[in-house]
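A look at the structure
Chain by chain, the residues:
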Amino acid sequence: MSDDKKEPWLNLLALTTVILAVCATLATFKGGGHSTRAVLSQSQASDQWAYYQAKGIKGNLYEVEAMRLRRELELAPRTAVPTLEKSLADVEKKVAKYEGEKAEIQKEARRFEDAKADAQKHGAAFGLAVIFLQIGILLSSIAALLKQKPVYYLGLLVGVVGIVYFINGFYLFLAA
């Protein structure tokens, strides 16, 4: 039998260390999920901006065609005017169509950019939570090895900061 008597605060230390470890694990998973969402949103935004550019190029081609038809209309004999005016009206409709499509595509691209920024904010909060929680776990482990209550209290304090950042990862109540 060992004469060493286990100190009661070590049970509390073990329990709080497990709680910090669980929170750190969850924060790691949530942060990773937000990181993935940020990357996917950025990719989708880039796709939308490429689509926007393609529509812009097509629209510009029709604008050039409209300018050519206007110039041709100025120089055309009267017999060709109705045909040219109809062609010009058709081309101008296409120019307007592409401008409308570009506005919708731009709105969608900005929505993806906003989703990326939101995911980055949540991910950053979870990242800070992991850092503080890991430091809290480390200090708790050192306190257990050395049987030093002040080190445990410091680890507990750092762990509480990590838990605050963990909760902040969900709600973003702290400014980044």
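Think of each chain on its own: its residues are numbered from 1, step by step along the sequence as written. The predicted origin of the model limits local features to residues at a pLDDT of at least 70 and limits the giving and counting of side-chain atom pairs to 80 or more, whereas totals for whole chains, interfaces and linings rest on all residues. Water and hydrogen atoms play no part in the side-chain values, which are based on all heavy atoms of the structure.

Turning our eyes to something else, we now look at the nonpolar core. Counting ten residues, the largest nonpolar core is built from Leu20, Cys23, Ala24, Ala27, Phe126, Ala129, Val130, Leu133, Ile137 and Phe166. Helix and strand definitions follow DSSP, with helices as H or I runs of at least four residues and strands as E runs of at least two, each counted in order from the N terminus. Only α1 (9–75) and α2 (81–146) provide two or more residues apiece to this core. The dominant element in this core, judged by the number of residues it contributes, is α2, at five residues. By convention a nonpolar core is built from buried Ala, Val, Leu, Ile, Met, Phe, Trp, Tyr and Cys residues, the set being connected through side-chain atoms within 4.5 Å. Burial classification: accessible surface area is computed with a 1.4 Å probe over protein chains only, and a residue below 20% of its type maximum counts as buried, one above 50% as exposed, and the rest as partly exposed. Ranked by size, the runner-up nonpolar core spans six residues in total, among them Leu69, Leu84, Leu88 and Val91.

Time to look at a nonpolar patch on the surface. Each patch is built from residues lacking any salt bridge and having more than 30% relative accessible area; the joining distance is 9 Å for like charges and 5 Å for nonpolar side chains (Val, Leu, Ile, Met, Phe, Trp, Tyr). The accessible surface values rely on the Shrake-Rupley method and a 1.4 Å probe; as for residues, cover is taken only from the protein chains in view. Think of a salt bridge as a Lys or Arg side-chain nitrogen and an Asp or Glu carboxyl oxygen that are within 4 Å of each other. A contiguous nonpolar surface patch, about 640 Å² in accessible area, is contributed by Val160, Val164, Ile167, Phe170, Tyr171, Phe173 and Leu174. Along the chain, the position of valine 160 falls in helix α3 (residues 149–171).

We now examine the environment of leucine 128. Here leucine 128 lies in helix α2. For the pair leucine 128 and threonine 28, spaced 100 residues apart in sequence, the C-alpha separation works out to 10.0 Å.

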